[in-house]
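Examination of the molecular architecture
Residue strings, one per chain:
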Amino acid sequence: MENLEGVRRMEQQKREEIEGFLKKAGSLGVVPGLSNMGHLMAELGEIQEELSIVHIAGTNGKGSVGAMLDAVLREAGFSVGRYSSPAVFSVEEQYQCNGEPIGEEERLLLLSELQEACRSLEAKGLHHPTLFEIETAAAFLWFYRKKCQIVLLETGLGGRLDATNIIKKPLCSVITSVSMDHMKFLGNTLPEIAAEKAGIIKKGCPVAVARQEPEALAVIKQTCKNKCSKLFYSDEAPTGIRYEGETLVFDWNRYSRLELSLLGACQPENAACALLTLDCLGKVFREEQIRRGLKAARWPGRFEIISRKPLMVIDGAHNEDAAKKLRKTLELGFTNRRIIYIIGVLADKEHDKMLRCLLPLASRVYTVTPDSPRALSGEVLCREAGRYHKQVAYAPTLKQALSQALEAAYRTEDSGEKPGENSGRGAEGSLDQEGKQPLILAFGSLSWLGGMKREMEAAVTRAAGTERRESGSV
C-alpha cells in the first residue's frame, strides 16, 4: 500500500513538473520563424523527414478538410495520423491516430522526452522552444512511433514561418479558404496573407487549393509557378446544396449526391478541396470509399448539434469570413424559427464585422467573456452588439448565458419577441420542417465552446431528469 502511494506521489510530481515546463514554454508567446524548431527536431533525429505528410494551411476550413481526408484515407485502408489546433474539448484531441486521440499518459511521456530535449538545447546556449513548437515536435514523434502511413498536418498560424513548416518534402500542400485574420502576424492585405499561407508550398510538390478570392488565388498560382509545383484547382462551385434530414447533400464536378454529416453551408466547398487533395496524392481511391469517408467525417465544434429539444448548436465562427459562412448555413436550413445567440470573441478579431453580418438574424443575443488572455470582455461586446440589435444582454458566466437563452427559447410566441429578418421565409429541406423549434447558437472563439458544450449537455440531462420525475417514471 505504501509503495502504491509512493508511485502516486511520484506521478503527481511528474505531472506538476510537466505542467511547469509547458507553462514556461507558453510564456514565450508566438515566436515566428523556424530556427528554434530546427534545433529541436535535430535533437530528435529529424524524424519528421521519415513521415509522409499532407500539409494543410488556410484561414478557415483546415480542420474540416483534415477531418474529411482522415475519414476517406482510413476508409481506403491507410493508417492516418492527424495533428490539429487549437484544442476545443481536450488537449489530447489535437493528436489523433486512426481517429483516436492520444492517451493522457502517452502524451505526458512524450512531453517528458521533449522536456529533456529542451534542457539539452538550453545547455548548448540555444533558445527554449515555444509551446506550439513543443506540441508540434511531440506530434511528429508520436506519429513516427505509431508508424502512420499518412500524416495530416495543420499549420497553427500562417504557414511560411509556422513551426509545422520545418518539413522539407510533403506528399502535397493544401491551402483552404484564405481570408483576413491574424493581421498582426500575417499582413494587412489579402495578398500578403495569401503569401504567408503559400509559404508551405515546396519545390516540385503538388498543391491542392480551395476556391479563393482572385487576389489570393493570383498569389498562390504565382508561388506554384515559382516552385514548379503542380496546381490542383477548380473554379467550379458545389451545386444543389440542400439538407435532407440531418444530412447535407450536394453535387460537385463528376460527383452527384455527395453526402456530409458536417452541416455548415461551407462544408461542400471544404469537401471539394478534400477531393482535389485526393487527386493530388496520385493514389487510386474507389468512389464508394470517398462517399463513405465524406459521410463519416466528424469535426467537433463546427456547427455541432448538441441537443434537438430545444435545438442547441455550437460553432467556431471567429472571423468575418467564417461569420459569412455561418450566415449562409442559417439561411440554408434554419429559417422560420427564432434564433438566439450566445457570443464570445477574442479582442484581436474583427468582431464588429461579425456582428453586422449575423445579428440581423437573431431574436435575442447574449454575450460572454471567453476563457482566454486574449478575450474581449463580454460587457464590451454587449455594448458593441447593442448598436446592431435591441435585445442584447451580458452574462457573467456560461451557465447564466445558457440559462437565459433557454428561458428565452421557451417563451411563447405571443411574448412579442420576433424572429430575425430571415425567419419568416420557410425552407424546403430545413432540418426542422415545422420550423417551430427555436435555435440556441453559441459561436465565436473556440476557446470557450468546450465549456459551453458541457453546460448544454448538463442542461439536457437536468431537463430529462425533470421530465422523468414529472411523468412518474422515477
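Our structure's up above, just so we're on the same page.
Below or above, wherever it landed, is the structure these notes cover. What you are looking at is a predicted structure, and each value in this text was computed from that prediction instead of being measured. (Residues numbered from 1 in each chain as written. Predicted model: local features only at pLDDT ≥ 70, side-chain atom pairs only at ≥ 80, totals over all residues. Heavy atoms only, no water.)

1. Quick notes on the pairing of strand β2 (residues 80–83)
Side chains on a regular strand alternate between the two faces of the sheet. Applied cut-off: Between buried and exposed lies partly exposed: a residue is buried under 20% and exposed over 50% of the maximum accessible area for its type, with that area taken using a 1.4 Å probe on protein chains only. A helix here means a DSSP run of H or I that spans at least four residues, while a strand means a run of E at least two residues long, and both kinds are numbered starting from the N terminus. Note on pairing: DSSP must find at least two bridges between two strands before they are called paired.
Covered by surrounding structure in β2 are Val-80 and Arg-82 together with Gly-81 and Tyr-83, the residues of both alternating faces. Bridging between β2 and strand β5 (residues 150–154) involves four bridges; their strand directions are parallel. Within the sheet, the bridge partner assigned to Val-80 lies in β5 and is Ile-150. Pairing analysis gives three bridges linking β2 to strand β3 (residues 95–97), with the strands arranged antiparallel. Residue pairing in the sheet places Arg-82 in a bridge with Gln-96 of β3.

2. Details of helix α14 (residues 398–409)
Every α-helical turn comprises 3.6 residues, leaving residues that sit three or four positions apart pointing alike. As a reminder, the rule being used: Each helix should span, by expectation, one fewer than its residue count multiplied by 1.5 Å. An arc is given here, and it is the one of the directions from the helix axis to the C-beta atoms.
The terminal C-alpha atoms of α14 lie 16 Å apart, and with 12 residues this matches the ideal 16 Å at 1.5 Å per residue to within 8%. Within α14, the full set of buried residues consists of Leu-398, Ala-401, Leu-402, Ala-405, Leu-406, Ala-408 and Ala-409. Angular distribution of buried residues about the axis of α14 spans 160°; they occupy a single face of the element.

3. As for the nonpolar core
Heads up, the rule is: Among the buried residues, those of types Ala, Val, Leu, Ile, Met, Phe, Trp, Tyr and Cys that are joined through side-chain atoms within 4.5 Å form a nonpolar core. The contact rule is simple, with two residues in contact once any of their heavy atoms fall within 4.5 Å.
Judged by nonpolar contacts, the single largest core of 70 residues is most densely connected at Leu-330 and Tyr-341. Counting residues per element, this core draws most heavily on helix α9 (residues 267–281), at nine residues. Excluding its chain neighbours within four sequence positions, the residues that come into contact with Tyr-341 are Leu-330, Leu-358, Leu-359, Leu-361, Ala-362, Arg-364, Val-365, Tyr-366, Leu-441 and Phe-443.

4. Topic: the packing of aromatic side chains
The criterion, for reference: Planes of paired rings set the category: under 30 degrees apart is stacked, over 60 is edge-to-face and the rest tilted, where pairs are Phe, Tyr or Trp rings (Trp by its six-membered ring) whose centres lie within 6.5 Å. In this scheme, Lys NZ or Arg CZ marks a charge over a ring once it lies within 6 Å of the ring centre and within 35 degrees of the ring normal.
In this structure the tally under the stated criterion is seven aromatic pairs. When the centroid spacing of 6.4 Å and the interplanar angle of 50° are considered together, the rings of Phe-78 and Phe-285 count as tilted. Taken together, the residues Phe-78 in the loop between α3 (62–75) and β2 and Phe-285 in the loop between α9 and α10 (287–296) connect sequence positions 207 residues apart. On the basis of relative accessible area, Phe-78 is assigned to the partly exposed category, the value being 22%. On the basis of relative accessible area, Phe-285 is assigned to the buried category, the value being 12%. Site record: aromatic cluster; members linked through ring pairs are Tyr-83, Tyr-95 and Phe-132. When the ring centre of Trp-299 is taken as origin, the NZ or CZ atom of Arg-82, which lies over that ring, is 4.1 Å away.

5. Structural notes on the pattern of salt bridges
Condition: Salt bridges are defined as contacts in which a side-chain nitrogen from Lys or Arg sits within 4 Å of a carboxyl oxygen from Asp or Glu.
One pass over the structure, following the stated rule, counts 29 salt bridges. Ionic pairing is found between Arg-119 and Glu-17, a salt bridge with its closest N-O pair at 3.0 Å. Of the two residues, Arg-119 sits in helix α4 (residues 104–123) while Glu-17 sits in helix α1 (residues 2–26), which places them 102 residues apart along the sequence. Using a relative accessible area of 38% as the deciding quantity, one classes Arg-119 as partly exposed. Glu-75 is paired through a salt bridge with Arg-292; the nearest N and O atoms lie 2.9 Å apart. With Glu-75 in helix α3 and Arg-292 in helix α10, this pair connects stretches of sequence that are 217 residues apart. The exposure class of Arg-292 is partly exposed, given its relative accessible area of 40%.

6. Things to note about the sheet that holds strand β9 (residues 239–244)
The condition is simple: Think of each axis as a best-fit line through the C-alpha atoms, taken over the contacting stretch in the case of a helix, with angles from 0 to 180 degrees between the N-to-C directions.
If you walk across this open sheet you meet the three strands as β9-β10-β11, and the pairing is antiparallel. Both outer strands of the open sheet, β9 and β11 (255–260), are each paired with one neighbouring strand and no more. The average angle at which neighbouring strand axes cross in this sheet is 20°, direction not considered. One ladder, built from four bridges, connects β9 with strand β10 (residues 247–252); its direction is antiparallel. Bridge pairing links Tyr-243 to Leu-248 in β10. α9 rests against β9, β10 and β11 of the sheet, and its axis sits at about 55° to β10.

7. Comments concerning helix α8 (residues 214–226)
Taking 1.5 Å of rise per residue, 13 residues should cover 18 Å, and α8 covers 18 Å from first to last C-alpha, within 8% of that figure. When α8 is considered as a whole, its buried residues turn out to be Ala-216, Leu-217, Val-219, Ile-220, Thr-223 and Cys-224. Buried residues of α8 fall within an arc of 160° about the axis and therefore sit on the same side. In α8, the exposed residues that point more than 90 degrees away from the buried face are Pro-214, Lys-225 and Asn-226. On its buried side, α8 packs onto β6 (172–175), α7 (190–197), β7 (207–209) and β8 (231–232). Of the residues trailing α8, Cys-228 is marked for its positive phi of about 55°.

Keep in mind these numbers describe shape, not what the thing actually does.
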